[in-house]
Amino acid sequence: MEDTIQYRHIVSEARDIAKNISTDYDLSQVELHDAIHEICDGHRFVIYTSIAFEVVAATRGSDFGAYQVAEDFAQDIMSERPSIDDIMTAMAFEIMSTLVHEEFNNLKGEAV
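First things first, this report covers the structure right here in the doc. Remember, predicted model here, so these are calculated numbers, not experimental data. (Residues numbered from 1 in each chain as written. Predicted model: local features only at pLDDT ≥ 70, side-chain atom pairs only at ≥ 80, totals over all residues. Heavy atoms only, no water.)

1. Here's the deal with the overall build of the protein
Stage number 1. Helix and strand content of the protein: six helices and zero strands.
Stage number 2. For the protein, the succession of helices and strands along the chain, N to C, is α-α-α-α-α-α.
Stage number 3. For 112 residues, the compact-globule formula gives about 13 Å, and the C-alpha radius of gyration of the protein, at 14 Å, lands near that figure.
Stage number 4. In terms of its C-alpha atoms, the protein occupies a principal-axis envelope of roughly 45 × 30 × 25 Å.
Stage number 5. Counting over 112 residues, the protein shows a buried share of 37%.
Stage number 6. Sequence-distant contacts, at least 24 apart, represent 74% of the contacts inside the protein between residues at least 6 apart.
Stage number 7. Accessible surface for the protein amounts to roughly 6900 Å². Of this, 47% is attributable to carbon and sulfur atoms. (Helix = DSSP H or I, 4+ residues; strand = E, 2+ residues; numbered from the N terminus. Rg over C-alpha atoms; globule rule 2.2 N^0.38 Å. Buried < 20%, exposed > 50% of the residue type's maximum accessible area, 1.4 Å probe, protein only. Contact = heavy atoms within 4.5 Å. Areas by Shrake-Rupley, 256 points an atom, 1.4 Å probe, with all protein chains shown as cover.)

Here's what the structure looks like:
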């Protein structure tokens, strides 16, 4: 049986994505936000519902601020009667987007 996702794995994945953005995208042609959106929208932590649940649960226990941002995001975009799967994937997407932005900014700061 595979272990559940730990928050440190989520942050590590976000850092790897942030590192790869400058090689995968020409940021003079593509907005950073759009690049992060594209990557996170198709990421396995978001598109596989069972993993999305784990991402949300791990984040709630380790980074409640990021969890709250994701919860607010999901509430803002959800229809009147969303499924729990829709909510979890929306929250996982926002968690990954937020963490990739943070890690990208951290890497820029380290390079200076």
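2. Re the pattern of salt bridges
Stage number 1. The full count for this structure, using the stated rule, is two salt bridges.
Stage number 2. Here Glu103 ties to Arg15 by a salt bridge, and the two come within 2.8 Å at their closest N and O atoms. Of the two residues, Glu103 is situated in helix α6 (residues 84-111) and Arg15 in helix α1 (residues 7-24); the sequence distance between them amounts to 88 residues.
Stage number 3. Residue Glu103 is classed as buried on the basis of its relative accessible area of 10%.
Stage number 4. The exposure class assigned to Arg15 is partly exposed, which follows from its relative accessible area of 23%.
Stage number 5. For the salt bridge of Glu110 with Arg15, the shortest nitrogen-to-oxygen distance reads 3.0 Å. Of this pair, Glu110 sits in helix α6 while Arg15 sits in helix α1, placing them 95 residues apart in sequence.
Stage number 6. You can call Glu110 exposed: its relative accessible area is 52%.
Stage number 7. One connected set of salt bridges, linked through shared partners, spans Arg15, Glu103 and Glu110. (Salt bridge = Lys/Arg side-chain N within 4 Å of Asp/Glu carboxyl O.)

3. Focus on the environment of Ala90
Stage number 1. Assignment of secondary structure puts Ala90 in helix α6.
Stage number 2. Distance in space between the C-alpha atoms of Ala90 and Ile47 is 9.6 Å, their sequence separation being 43 residues.
Stage number 3. Apart from the residues within four sequence positions on either side, Ala90 is in contact with Phe73, Ala74, Ile77 and Met78.

4. Section: the nonpolar core
Stage number 1. Counting residues in each nonpolar core, the largest one holds 33 residues, and the members touching the most others are Ile10, Val55 and Val100.
Stage number 2. Sorting the residues of this core by element identifies α1, α2 (32-41), α3 (44-47), α4 (49-62), α5 (64-77) and α6 as the ones contributing at least two each.
Stage number 3. Apart from the residues lying within four places of it in its own chain, the contact partners of Val55 are Ile5, Ile10, Phe45, Ala92 and Ile95. (Core = buried A, V, L, I, M, F, W, Y, C linked by side-chain atoms within 4.5 Å.)

5. Looking at a negative patch on the surface
Stage number 1. Residues Glu31, Asp34, Glu38 and Asp41 make up a contiguous surface patch of negative charge.
Stage number 2. Relative to the helices and strands, Asp34 resides in helix α2.
Stage number 3. Overall, the relative accessible area of 43% leaves Asp34 in the partly exposed class. (Patch = residues over 30% accessible without salt bridge, like charges linked within 9 Å, V, L, I, M, F, W, Y side chains within 5 Å. Lys, Arg positive; Asp, Glu negative; His and termini not counted. Charge placed at Lys NZ, Arg CZ, Asp CG, Glu CD.)

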